[in-house]
Amino acid sequence: MNQELHDFFTKDHRRLESILDSAIADLSNIDMDLYSQFRVGLLTHIKMEEKIFFLAAQKANNNVPLPFAPQLRLEHGAITALLVPSPTLEIVKVLMHVLDIHDEVEEKHGGMYEACEKLTHHETQALLDQLRAVTPVPVHPHNDAPIALEAAKRALLRAGYDYDALVS
């Protein structure tokens, strides 16, 4: 099977991981410029999955969402919510934990990317063209009001993660 789309997204996962790793190389001083690149990159990655790749697969599947889709959508919401407050060591720890599990579900043999690619194999080049044309997601400044972190914790719970348990 052709894996161009799988490879496209997996390569982007590694790129984003590298940016985050560089941003947190000094845990006492997160590099906010790099973290900003990571934040925009991750939100753009989610946009590509949700608005193009997963949607194309669902359309090819008689408009029925794929089995992994509901959980991945909940995780996308939780990840997005974690990017609202300024990064702290706790937030980054939780974010990395969720991303590790999330990316594995997408990348593994029989995972979301493989399922989507099978359904959309006849439109690989058109999808790649659309993905490469996606513009970066505009972001607002971080919101450090307590309600922002509380919203992220609720989004995590909906996705099956307990923020407080993960940071303890």
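Here, the structure is the one placed above.
These lines cover the structure that appears in this document, whether it is placed above or below. Position labels on residues start from 1 in each chain and follow its written sequence. A pLDDT threshold of at least 70 governs which residues receive local features in this predicted model, and a stricter bar of 80 or more applies before side-chain atom pairs are shown or counted, although totals over entire chains, interfaces and linings include all residues. Excluding hydrogens and water, the side-chain values take into account all heavy atoms of the structure.

1. Description of the overall build of the protein
Phase 1 of the analysis: Secondary structure summary: the protein contains eight helices and zero strands in total.
Phase 2 of the analysis: In DSSP terms, a helix is any run of H or I states spanning at least four residues, a strand is any run of E spanning at least two, and both are numbered starting from the N terminus. What you see in the protein, going N to C, is helices and strands ordered as α-α-α-α-α-α-α-α.
Phase 3 of the analysis: In this description the radius of gyration comes from C-alpha coordinates, and the expected globular size is given by 2.2 Å times residues to the power 0.38. Taken against the 2.2 N^0.38 rule, which gives 15 Å for 168 residues, the C-alpha radius of gyration of the protein at 16 Å falls within 12% of a compact globule.
Phase 4 of the analysis: Structurally, the protein occupies a C-alpha span of about 50 × 30 × 25 Å along its principal axes.
Phase 5 of the analysis: Every one of the 168 residues in the protein was classed for burial, and the buried ones make up 44%. With a 1.4 Å probe rolled over the protein chains alone, any residue whose accessible area is under 20% of its type maximum counts as buried; one over 50% counts as exposed, and the rest are partly exposed.

2. Looking at the environment of Q58
Phase 1 of the analysis: Of note, Q58 is situated in helix α2 (residues 32–60).
Phase 2 of the analysis: Here the alpha-carbon distance between Q58 and A78, two residues 20 residues apart in the chain, equals 22 Å.
Phase 3 of the analysis: Contacts between residues were defined by any pair of non-hydrogen atoms, one from each residue, lying within 4.5 Å. Residues contacting Q58, with those up to four places away along its chain left out, are N63, V64, P65 and L66.

3. Regarding the packing of helix α1 (residues 4–23) against α2
Phase 1 of the analysis: Axes, fitted as lines to C-alpha atoms, cover a helix only where it is in contact. Angles between the N-to-C directions of the axes lie from 0 to 180 degrees. One can describe the packing of α1 onto α2 by two numbers: an axis separation of 8 Å at closest approach and a directional angle of 160 degrees. The pairing of α1 with α2 is recorded here as roughly antiparallel in orientation. Of the two elements, α1 crosses α2, and the hand of that crossing is left-handed. Residues L5, F8, F9, D12, H13, R15, L16, I19, L20, S22 and A23 of α1 pack against L34, Y35, Q37, F38, G41, L42, H45, M48, E49 and F53 of α2.
Phase 2 of the analysis: A per-class count over the contact of α1 with α2 returns 13 nonpolar, five polar and three charged. Comment on the angle field: the value is read as roughly parallel under 35 degrees, roughly antiparallel over 145, roughly perpendicular from 65 to 115, and oblique elsewhere. Crossings are classed by handedness, with left-handed meaning an anticlockwise turn of the near helix from the far one by less than a right angle and right-handed meaning a clockwise turn. The classification used treats Ala, Val, Leu, Ile, Met, Phe, Trp, Tyr, Cys and Pro as nonpolar, Asp, Glu, Lys and Arg as charged, and all other residues, Gly among them, as polar.

4. Focus on unusual backbone geometry
Phase 1 of the analysis: Located in the positive-phi region is N62, a residue other than glycine, with phi close to 55 degrees.
Phase 2 of the analysis: The residue N62 is located in the loop between α2 and α3 (69–82) in this model.
Phase 3 of the analysis: Located in the positive-phi region is N63, a residue other than glycine, with phi close to 65 degrees.

5. Description of helix α5 (residues 112–119)
Phase 1 of the analysis: Among all positions in α5, only M112, Y113, E114, C116 and E117 are buried.
Phase 2 of the analysis: Where α5 is buried, its residues meet α1, α2, α3 and α4 (89–107).

6. Structural notes on the environment of L149
Phase 1 of the analysis: Along the chain, the position of L149 falls in helix α7 (residues 146–158).
Phase 2 of the analysis: Taking the C-alpha atoms as reference points, L149 and P85, 64 residues apart in sequence, are found 6.4 Å from one another.
Phase 3 of the analysis: Leaving out residues up to four positions away in the same chain, L149 has contacts with P85, I91 and Y163.

7. Some points on the pattern of salt bridges
Phase 1 of the analysis: For this document, the term salt bridge refers to a Lys or Arg side-chain nitrogen within 4 Å of an Asp or Glu carboxyl oxygen. Taken as a whole and judged by the stated rule, the model has seven salt bridges.
Phase 2 of the analysis: Taking the shortest distance from any N to any O, the salt bridge between E50 and R73 comes out at 2.8 Å. Within this pair, whereas E50 is found in helix α2, its partner R73 is found in helix α3, the two being separated by 23 residues in sequence.
Phase 3 of the analysis: Since its relative accessible area comes to 41%, R73 is described here as partly exposed.
Phase 4 of the analysis: Overlapping salt bridges, with partners in common, bring together R14, E17 and E107 in one network.

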